[in-house]
Amino acid sequence: MMMIRYQFRFFGLVQGVGFRFYSQTFAKSFQCTGWVQNLPDGSVLMEIQGDELDIDRVVDSLKSVGHIQIERIEKKELDLKQETTFDYRF
């Protein structure tokens, strides 16, 4: 299992729909760490770390939530960090 960390920025109907709650729920269920934060422009920023397959599962799970509408995702790879949880940022 190779650990990797990504920053995602999600655009679309991603605020006011439980996006952060679902992000945390899915990340924990797939043993990923990181954080998620609403941005003033209506997008959501996430840093997530784990196995690449598990990270893909988190994103696919978010796409499958009916009332979340992801129109576009920006993705970049980051350096790994030492952390043990997946949290909300405000």
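Chains are numbered independently. Their residues run from 1 in the order of the written sequence. Only residues with pLDDT of at least 70 are given local features in this predicted model, and only at 80 or more are side-chain atom pairs given and counted; all residues enter the totals for whole chains, interfaces and linings. By convention in this description, side-chain values take in all heavy atoms of the structure and omit both hydrogens and water.

Concerning helix α2 (residues 52-64)
Counting from the N terminus, the helices are DSSP H or I runs at least four residues long and the strands are E runs at least two residues long. Expected helix span is computed as 1.5 Å times (number of residues minus one). Relative to the 18 Å expected for 13 residues at 1.5 Å per residue, α2 spans 18 Å between its end C-alpha atoms, a close match to the ideal helical length. A 1.4 Å probe rolled over the protein chains alone gives each residue an accessible area, and that area as a share of the maximum for its type sets the label: buried under 20%, exposed over 50%, partly exposed in between. Of the positions making up α2, those classed as buried are Asp-54, Ile-55, Val-58, Val-59, Ser-61 and Leu-62. All buried residues of α2 project into a common sector of 155 degrees when viewed along the axis, lining one side. With a side-chain oxygen positioned 3.2 Å from the backbone nitrogen of Leu-53, the residue opening α2 is Asp-51. The arc in question is traced by the directions running from the helix axis to the C-beta atoms. Polar contacts here mean pairs of N or O atoms no more than 3.5 Å apart (in protein, one a potential hydrogen donor and the other a potential acceptor; neighbouring residues in sequence count only if both atoms are side-chain atoms).

Quick notes on the side chain of Arg-5
Checked against the element boundaries, Arg-5 lands in strand β1 (residues 3-13). Assessed through its relative accessible area of 0%, Arg-5 is described here as buried. Here the side chain of Arg-5 touches Gln-49 through a polar contact of 2.9 Å, side chain to side chain. By definition in these notes, contact holds between two residues if any of their heavy atoms fall within 4.5 Å. Ignoring any residue separated from it by four or fewer positions in sequence, one finds Arg-5 in contact with Gly-34, Trp-35, Glu-47, Ile-48, Gln-49, Lys-76, Glu-77, Leu-78, Asp-79, Leu-80, Lys-81 and Glu-83.

Some points on the packing of helix α1 (residues 19-29) against α2
Interaxial distance between α1 and α2 falls to 9 Å at its minimum, and their mutual angle equals 140 degrees. Looking at the two axes, α1 sits oblique to α2. In this structure, α1 crosses over α2, and the sense of that crossing is right-handed. Here Phe-19, Tyr-22, Ser-23, Phe-26 and Ala-27 of α1 lie close against α2, whose contacting residues are Val-58, Ser-61 and Leu-62. Taken together, the residues of the contact of α1 with α2 break down into six nonpolar, two polar and no charged. Between the N-to-C directions of two axes lies an angle of 0 to 180 degrees, each axis being a line fitted to C-alpha atoms and, for a helix, fitted only over the stretch in contact. Angles below 35 degrees are treated as roughly parallel, those above 145 as roughly antiparallel, those between 65 and 115 as roughly perpendicular, and all remaining angles as oblique. When the near helix sits turned anticlockwise from the far one by under a right angle, the crossing is termed left-handed; a clockwise turn instead gives a right-handed crossing. When residues are grouped by polarity, Ala, Val, Leu, Ile, Met, Phe, Trp, Tyr, Cys and Pro land in nonpolar, Asp, Glu, Lys and Arg in charged, and all others, Gly among them, in polar.

These values are about where atoms sit, not about what they do.
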